Structure formats: structure tokens, C-alpha cells
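Residue strings, one per chain:
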Amino acid sequence: MKWRWTKFLIGLASIPLCVALSMTLWRAMVILAQSPTRLPMLHAFACVSGIVIWAIVWLYLPPLTRTYVLGHELTHALWAMLFGGRATGLQVTEGGGSVRVTKNNAWITLSPYFFPLYTFVVALVWMLSVWIFPPIGPYAPIFLFWIGMTWSFHITFTLRFLAYNQPDIREHGRLFSYTLIYSLNLLSLAAALTAVSSWSFSEAFSDLVTNLQLLGSATHTFYEWTLTRLPAWCLP
């Protein structure tokens, strides 16, 4: 019970972070749209095209359930190893999958819902490609297309599975789980977009901090306003 209340308070405190990350993600998308290239809208168009094409595939073609299940179980395994555990016995079928891990916590349990493994792989390949072969830089829209498609793939399946009464969510509490999933999904997408844009990670972090400060100031102003106005309204 103690840990459930602690997680509830963490989830409550994470709501401003979710809002600030939403603002930073929007800024990252605007910067991509205003990229100083020959075709200013090409980067944004490539990313949106990937999202739209996957949406069409999702709506009109059989879902790639086995591909998602593979990524889901590999994500469990990856995060278990990041925490010093081991993963064995990977099984993937159309009906579901499983992997045995020697460590388990909220990050490992919820990782498939907030960590888009395929998007991370695409972004990593892009960063390594630019580092090893800098002339590939003008081909960023190709990678942005795949970032958009793989992230859309991740989001659609995540929403589909979260629509069910998932025991993972019940185990850690809805508010804690949903704020963690939401904030880290936005964080990973913003990081991927920043990696292929003219915006640096330090600038993106500064923007996030600024947004948190703005939200803090707005919250303080609202609090002061309620202290002065609410008592007057309550008086007869």
C-alpha cells in the first residue's frame, strides 16, 4: 500500500512534465518544418508520411502482430539487461510471446509501452551513419520517414493493448503507469526528431526546462489568484 501511494504521488507530480514534454515536442516539429534546406517542408513531410502510411496499413491490412510481439519481448529483455538481469527463453507467436527475466521492476514491466524499440534502432542507425559517413546528411528525410512509421507502429499497438485491462498497469497504478508511458513516449520521439534536425540536444533540454518554469510560474499565479479571489466568492 505504501508503494502504491508513493507511485500515485509520483504520477501526480509527473503531470507538469507531461505537459512540458508536449510543448517541447511541438517545438521540435516546428523546427523540422522550418529546416533551412532547399525543400523546407521535406523533413516534416517525410515524418508525417511515415505516420500516415502506417495508419493506412493499420486500418486496411492485417496487423503485423508477430513483429510487434517480437519487439515487445525484446524490449523486456533489453531493459532487464540494462538493470543487470538476464533474459532467456524468448518465444514469439501470433497469439503472444514470452521471455524469462531474472529481474523485474516498473521500468522493465512497462518498457514495451514507452520504449519504441524499432524507432530507437532507426535513430541509432542514422546517428552512426552520419558519424561514419557525413555526406549522408542530406538523406535525413528517408530516416525521418522510417522514424514516423515505426513510431506510429509503436503507438497504435500500445493503444490497442492499453485498451485492455492490463495487469502491468494495475500492478503499478493507473496514474503512475499512464504518466510514465506518456512522458517517455514523447521523450523518445522528441529525441529521435532532435537527432535528425538542426536542433541540438542541449537546446531541446533547455526548452524543456523553460517550459517547466513557465508551468511553475503559471501554477504559482493561479494559486495566488485562488487565495485572493476564492474567499471573496465564498462570502455571502
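Further up the page is the structure itself.
Criteria and thresholds
Residues numbered from 1 in each chain as written. Predicted model: local features only at pLDDT ≥ 70, side-chain atom pairs only at ≥ 80, totals over all residues. Heavy atoms only, no water. Helix = DSSP H or I, 4+ residues; strand = E, 2+ residues; numbered from the N terminus. Buried < 20%, exposed > 50% of the residue type's maximum accessible area, 1.4 Å probe, protein only. Contact = heavy atoms within 4.5 Å. Areas by Shrake-Rupley, 256 points an atom, 1.4 Å probe, with all protein chains shown as cover. Salt bridge = Lys/Arg side-chain N within 4 Å of Asp/Glu carboxyl O. Phe/Tyr/Trp six-rings, centres within 6.5 Å; stacked < 30°, edge-to-face > 60°. Axes fitted to C-alpha atoms, helices over the stretch in contact; angles between N-to-C directions. Parallel < 35°, antiparallel > 145°, perpendicular 65-115°, else oblique. Nonpolar A, V, L, I, M, F, W, Y, C, P; charged D, E, K, R; others polar.

**What about the overall build of the chain?**
Phase 1 of the analysis: On a plain count of helices and strands, the chain comes out with ten helices and two strands.
Phase 2 of the analysis: Secondary structure of the chain in N-to-C order comes out as α-α-α-α-β-β-α-α-α-α-α-α.
Phase 3 of the analysis: Taken over 236 residues, the chain has a buried fraction of 39%.
Phase 4 of the analysis: Of all intrachain contacts in the chain linking residues separated by at least 6 positions in sequence, the fraction that spans at least 24 positions is 73%.
Phase 5 of the analysis: Per element, the accessible surface of the chain, about 14200 Å² overall, is 72% carbon and sulfur.

**Remarks on the pattern of salt bridges**
Phase 1 of the analysis: Within this structure, the stated rule accounts for one salt bridge.
Phase 2 of the analysis: Across the pair D207 and R27 runs a salt bridge whose closest N-O atoms are separated by 3.0 Å. With D207 in helix α10 (residues 201-234) and R27 in helix α2 (residues 15-33), this residue pair connects regions lying 180 residues apart in the sequence.
Phase 3 of the analysis: We classify R27 as partly exposed; its relative accessible area is 40%.

**Points about the packing of aromatic side chains**
Phase 1 of the analysis: Following the criterion strictly, the structure yields 17 aromatic pairs and no others.
Phase 2 of the analysis: Ring plane angle 50 degrees and centroid distance 4.7 Å describe the contact between W126 and F143, whose orientation is recorded as tilted. Of this pair, W126 sits in helix α6 (residues 117-132) while F143 sits in helix α7 (residues 140-162); the two residues are 17 residues apart in sequence, bridging distant segments of the chain. Judged on exposure class, the residue W126 and its partner F143 are both buried.
Phase 3 of the analysis: Each residue in the set W54, W58, Y68, Y118, F153, F157 and F161 is aromatic and connected to the rest through ring pairs, giving one cluster.

**Comments concerning the packing of helix α4 (residues 65-82) against α7**
Phase 1 of the analysis: At a closest axis distance of 11 Å, the pairing of α4 and α7 adopts a crossing angle of 85 degrees. The angle between the axes of α4 and α7 places the two elements in the roughly perpendicular class. Judged by residue contacts, T65, T67 and Y68 of α4 engage F153, F157, R160 and F161 from α7.
Phase 2 of the analysis: In the contact of α4 with α7, the residues fall into four nonpolar, two polar and one charged.

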